Amino acid sequence: RRSGGRDLRGDARVAGACCQGVSSFLKLSSVLGGVDGQQHASSGFARFAATARAAPDALSALARVCAGRAGDAFAECAPVSKDAATSALATLAMWADKSSDTYSSRSSAQLSEIIGTAQVVPSEHFNDPLLAVALVDANAVEAFCDAAGDDRASFFRVANACAGVRAGTRAASATRDAKLGGAAATLVERNVVPALVAALDHARAGDRDVSAALCSARARVARDVAVTLRRPFATPLPPVGTPSGASAEASLRRYQEVLLKEAAVVSLVLALEDALREVEDEEANASPEESLSETLADLSLVFHRLDATGDPHKSKTSFAGPPVSLLSQLVLRSASYASQFVEAGGLDSGLTKRLLDPKNQVSILVDALLAISQIARLGADKYVYIKASDACCLTVALLSHHDCTVRARSCNVLGNMCRHSSFFYKEFAEQNVIRELTKRCADSDKTTRKFACFALGNAGFHSDFLYPQLRGAVKPLVLLLGDEEPKTKANAAAALGNVVRNSSVLCDELVAENALEALVTLATGEPSGTDADGSGAHGQSQETAGQSPVKIALFSLGNLCTHAPCRERLVELRLEQKIQTLAQRPDADASVKKYVARIQGKIHGAGK
C-alpha cells in the first residue's frame, strides 16, 4: 500500500524497498512451510493475497516496478528492486492460478460472476479468481512482457517474468479476454509473443559455461514460454458456426501468423540446448552464497511449491517436454514452421542425439520422432538434412524401446525416410534396418506392426537394392495378411507387391512362403471398400493410397503377374476366375474393376 500510496506515488526508492519487502515475505512464507508444509505456506500466501487483491493501487505499483518502462517514475528503481517486484508479482500470479487438492479451486462460473459476463469458460479453475482478475486489471501481463523483453534485465528476472506470463495470460484469456477469442487473442492482442521470443534470445544468455543454477533458470524459461505459446492449440475451440467459434478461429489464424513472423520456432530450437541440459537437483537449488540473485531463491523455494509441473525431483528432461511438444505440433501444422525448424538447426546431429536419447521421457521421444517423420514426409529434398542428423541410426536403436508408442513412431520415421526415394537404402543396409523392422512385424503392439509393414514396403518400392535383406521379411509379412487390423493387412499386402516391383529376385521366396495364396484369399475373401478412416498403405502407387486391403492385394497380385514363376502359380490357383467373380459383385467399384482388368491383361499378355 505504501508503494502505491498517494503521498509516495512516484518515489522509486521507497517503492523499490517495498517491492523487496513483498518478495522477502513471500519467500519467507514458503520457507516456513517446509518441504511438506503446504498448510503454513498456503496460510501465509492466502493472507497476503487477500491484502493484495484489496489494494489495486499497490498491485499496479508492483507491476510498474516490474515493467520498468521508460518514462515511468518507477523505471528508476534499482535492478534488485525490479527483480524483487517481478518475482513477487509472478508468485502472486501463480498463486492465483494454482489449482490442486491443497487449495480450494473455484469454477469458471464463479469467475464469470466476478468479471460480469454470462460466458462460462470450460475447465478453467483458479485458486484465487479475485486475485487473478485484479492482476489482469493491474496490467500484470503487460508488465511481465516488458520484463521478459528487457535487454537489460537479469536472466533471473526474465525467468520470473516468463513464469508470470504463463499464469497471467491464462487468467486474462479466461476473464477479460474471454469474448475476444480465448488464449490466441490474449497472446496476440497483448503482444505476448515478441516478448517471449526475446526471452529466449541466446544473445542475452552470456557465457554457456555458467552455473548450474543459471542453466536451470534458462531451462525453466524454455518450459514456461512453450507452455504459454502452446495454450491456444491445447484449448478446445467453441463450436463451428457460432460467433464465438468464428472469433476463436480467426484469432488462432492471426496467432499462427505472428508465430511465423516472430520466428518463434527458431528461438525454441535454440532454447532446447538449455531445456535438455543435464542438471542435478542439488545444483538446481543452489544457495545465495554462489553470488546469484535473490530471485533464484524465489524460483527454487516458491515456484517449485506453486507450479504443478515444477517437481524438483524430476529429471531435467521434464523441462524439455513442453518445448519439444510445441515444436512437434508446429512442424506438423505447417511446412513453413518445418522449414524454420530445419534452418534453425533442429536437425543438428548433437541436438538430434539428445532428443532421441532412449533415456528421455517417452513424450519427448515421441514428439521428436513425429517432427522428424513429418519433415521426411515433406519431400526428398529434406533427406540430406535428416541424414546429417544421424537420425536413421538413432531411430533404429529405438525400435526395441520398452514403450510401444516409441517403437511404432520409430517404424513410421524409417518408413518416411524411404517415402520419396531410395536415398536411405544404402544406410538401411549398413545399419541392418530391415532386420530390425522385420522383428517388429511380430510386435505385441498393433500400431507398431502396422508401421513396420509400411516401412518394409517403402524399402522395396524404389529399387531392388534391399531385396536380399527383404527376403527374411517375406514370411512375417505373409502372416500379417491375417492381422486383426485392416491397415496392417493393407500395408503387408503392399509390401509383398513391392518386393517384386523392381525384379524377380524374391519370386521363389514368395512362392515358397505361400504369399500368393494368402494374397488371393485376402483379395477374394473380403468385401471391397475403404478403411473406416480412409487411410491405407503407401508404396504401390498414388492411385492405391488410402484403399482397402482388398484393393491393395489386387494391385500387388498385378505386380506378381509380371513374373513367370508367380504368374504360373496364380494360374494354378485359378486367380482369373476368382477375380472375375469379384469384379461382377454388386458392390465392386471402379477401382476393383480396374485392378481386375490389369491382372487379366498381364496373364493374357504373358506378364507384359
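For every chain, the first residue of the written sequence is number 1, and numbering continues from 1 onward in sequence order. In keeping with the model being predicted, local features are shown solely for residues with a pLDDT of at least 70 and side-chain atom pairs are shown and tallied solely at 80 or more, while totals for entire chains, interfaces and linings include all residues. Side-chain measures were taken over the full set of non-hydrogen atoms in the model, leaving aside hydrogen atoms and water.

A.B. asks: Just checking my understanding: could you explain the packing of helix 30 (residues 515–524) against helix 31 (residues 549–560) for this structure?
C.D. replies: Packed helix pairs are characterised by how far apart their axes lie and by the angle those axes make with each other. Where helices are involved, their axes are fitted lines through C-alpha atoms of the stretch in contact, as for all axes, and angles between N-to-C directions lie from 0 to 180°. Secondary structure elements follow DSSP: runs of H or I of four or more residues count as helices, runs of E of two or more count as strands, with numbering from the N terminus. At a minimum axis distance of 8 Å, the contact between helix 30 and helix 31 shows a crossing angle of 140 degrees. In terms of axis orientation, helix 30 runs oblique to helix 31. The hand of the helix 30/helix 31 crossing is left-handed. Where helix 30 abuts helix 31, its residues Leu516, Leu519, Val520, Leu522 and Ala523 lie against Pro549, Val550, Ala553, Leu554, Leu557 and Leu560. Class assignment of the residues belonging to the contact of helix 30 with helix 31 gives a composition of eleven nonpolar, no polar and no charged. Under this scheme an angle from 65 to 115 degrees is roughly perpendicular, one under 35 degrees roughly parallel, and one over 145 degrees roughly antiparallel; angles in between are oblique. Crossings are sorted by hand: turned counterclockwise from the far helix by less than a right angle, the near helix makes the crossing left-handed, and turned clockwise it makes it right-handed. The contact rule is simple, with two residues in contact once any of their heavy atoms fall within 4.5 Å. Think of it as three bins: nonpolar holds Ala, Val, Leu, Ile, Met, Phe, Trp, Tyr, Cys and Pro, charged holds Asp, Glu, Lys and Arg, and polar takes everything else, Gly as well.

A.B. asks: So what exactly am I meant to see when it comes to the nonpolar core here?
C.D. replies: As a rule of thumb, nonpolar side chains are buried together in soluble globular proteins. Definition of nonpolar core: a set of buried residues of the types Ala, Val, Leu, Ile, Met, Phe, Trp, Tyr and Cys, connected through side-chain atoms within 4.5 Å. The rule is simple: take the accessible area with a 1.4 Å probe, protein chains only, and divide by the maximum for that residue type; under 20% is buried, over 50% is exposed, in between is partly exposed. The biggest cluster of nonpolar side chains holds 185 residues, and the ones touching the most others in it are Tyr255, Ile386 and Phe428. If you tally residues by element for this core, the top one is helix 8 (residues 155–174), at twelve residues. With near-sequence residues (within four places) excluded, Tyr255 lies in contact with Ala184, Leu187, Val188, Val193, Leu229, Arg230, Pro232 and Phe233.

A.B. asks: Honestly, helix 4 (residues 79–97) in this entry has me stumped. Any pointers?
C.D. replies: The α-helix winds at 3.6 residues per turn, so residues separated by three or four positions along the chain end up facing the same way. Taking 1.5 Å as the rise per residue, helix 4 with 19 residues should run 27 Å; its terminal C-alpha atoms sit 27 Å apart, in good agreement. Most of helix 4 sits inside the fold, with 17 of its 19 residues counted as buried. A helix is expected to span 1.5 Å for every residue after the first.

A.B. asks: Would you mind showing me how to read the environment of Ala442 here?
C.D. replies: Inspection of the secondary structure assignment puts Ala442 in the loop between helix 24 (433–440) and helix 25 (446–459). Linking Ala442 and Leu480, residues 38 residues apart in sequence, is a C-alpha distance of 8.6 Å.

A.B. asks: Hey, could you run me through the environment of Ile603 in this one?
C.D. replies: By the secondary structure assignment, Ile603 is in helix 34 (residues 590–604). Ignoring sequence-local partners within four residues, the contact set of Ile603 consists of Cys561, Arg567, Val571 and Glu576.

A.B. asks: Just to check I follow, could you spell out the pattern of salt bridges for this structure?
C.D. replies: Two side chains with opposite charge may pair up if their charged atoms get near one another. Think of a salt bridge as a Lys or Arg side-chain nitrogen and an Asp or Glu carboxyl oxygen that are within 4 Å of each other. A complete count under the given rule lists 26 salt bridges for this structure. Put simply, Glu427 and Lys387 hold a salt bridge, and the shortest N to O gap is 3.2 Å. You can see Glu427 sitting in helix 23 (residues 425–430) and its partner Lys387 sitting in helix 20 (residues 383–388), a full 40 residues away along the chain. A single network of salt bridges, built from pairs that share partners, joins Glu142, Asp177 and Arg190.

A.B. asks: Help me understand the packing of aromatic side chains, please; the structure alone is not making it clear to me.
C.D. replies: The rule is short: rings of Phe, Tyr and Trp, with Trp giving its six-membered ring, pair when the centres are within 6.5 Å, and they are stacked under 30 degrees, edge-to-face over 60, tilted in between. According to the stated counting rule, one finds seven aromatic pairs in the structure shown. Pairing Phe423 with Phe424 gives two aromatic rings, centres 5.2 Å apart and planes at 75 degrees, and the pair type is edge-to-face. A relative accessible area of 39% means that Phe423 is categorised as partly exposed. Pairing Phe555 with Tyr595 gives two aromatic rings, centres 5.5 Å apart and planes at 85 degrees, and the pair type is edge-to-face. Within this pair, whereas Phe555 is found in helix 31, its partner Tyr595 is found in helix 34, the two being separated by 40 residues in sequence. Take Phe555: its relative accessible area is 6%, and that puts it in the buried class. On the basis of relative accessible area, Tyr595 is assigned to the buried category, the value being 2%. Here Lys450 stacks its cationic end above the ring of Phe451, 4.6 Å away from the centre of that ring. The residue whose ring lies beneath Arg501 is Phe461, and the NZ or CZ to ring-centre distance is 3.9 Å. Over a ring means this: the NZ of a Lys or the CZ of an Arg is within 6 Å of the ring centre and within 35 degrees of the ring normal.

A.B. asks: I keep staring at helix 19 (residues 362–377) and nothing clicks. Help me out?
C.D. replies: With 16 residues, helix 19 extends 22 Å between its outermost C-alpha atoms, agreeing within 8% with the 22 Å of an ideal straight helix rising 1.5 Å per residue. For helix 19, the full list of buried residues reads Ile364, Leu365, Val366, Asp367, Ala368, Leu369, Ala371, Ile372, Ser373, Gln374, Ile375 and Ala376.

A.B. asks: It is not clear to me how the packing of helix 3 (residues 56–67) against helix 4 should be interpreted in this structure. Could you clarify?
C.D. replies: Orientation of helix 3 relative to helix 4, taken along the N-to-C sense of each, is 130 degrees, at an axis distance of 8 Å. With respect to each other, helix 3 and helix 4 are oriented oblique. Helix-helix and strand crossings are classified by hand; for helix 3 and helix 4 the assignment is left-handed. Contacts from Leu59, Leu62, Ala63, Val65 and Cys66 in helix 3 reach Ser81, Lys82, Ala85, Thr86, Ala88, Leu89 and Leu92 in helix 4. In terms of residue class, the contact of helix 3 with helix 4 is made up of nine nonpolar, two polar and one charged.

A.B. asks: What should I look at first to understand a nonpolar patch on the surface in this one?
C.D. replies: Judged by side-chain polarity, Val384, Tyr385 and Phe423 come together as a nonpolar surface patch covering roughly 290 Å² of accessible area. Within the element layout of this structure, Phe423 appears in the loop between helix 22 (404–417) and helix 23. Every patch collects residues that have over 30% relative accessible area and no salt bridge, joining them within 9 Å if they carry like charges and within 5 Å if they are nonpolar side chains (Val, Leu, Ile, Met, Phe, Trp, Tyr). The method behind every accessible area is Shrake-Rupley, applied with a 1.4 Å probe, and residues are considered shielded solely by the protein chains displayed.

A.B. asks: How do you make sense of unusual backbone geometry when you look at a structure like this?
C.D. replies: Most peptide bonds are trans, and most residues other than glycine sit at a negative phi. A positive phi angle, close to 65 degrees, is found at Asn139, a residue other than glycine. Within the secondary structure layout, Asn139 lies in the loop between helix 6 (129–137) and helix 7 (140–148).

A.B. asks: Help me understand the confidence of the model for the protein, please; the structure alone is not making it clear to me.
C.D. replies: In low-pLDDT segments, the atomic positions of the prediction should not be examined closely. Each residue carries a pLDDT value, the predictor's own confidence for that position, ranging from 0 to 100. Scored by pLDDT, the protein comes out at a mean of 83, with 79% of its residues at no less than 70. Low pLDDT (under 50) marks residues 5–9, which in the prediction has seven contacts with non-local residues, meaning those over four places away or in another chain. Of the regions scoring below 50 in pLDDT, residues 526–545 engages in 60 contacts with residues more than four places distant in sequence or in other chains.

A.B. asks: In this structure, what is going on with the state of the cysteines? I would like to understand it.
C.D. replies: Cysteine pairs can be linked by a disulfide, which is a covalent bond between their two sulfur atoms. To count as a disulfide, a pair of cysteine sulfur atoms needs to be within 2.5 Å. Counted by the stated rule, this structure contains zero disulfides. Cys145 provides the cysteine sulfur closest to Cys162, a residue in no disulfide bond, and the two sulfurs are 8.9 Å apart. Of all cysteine sulfurs in the structure, the one in Cys441 sits closest to Cys453, which takes part in no disulfide; the separation is 4.6 Å. Note on Cys453: relative accessible area 0%, which makes it buried.

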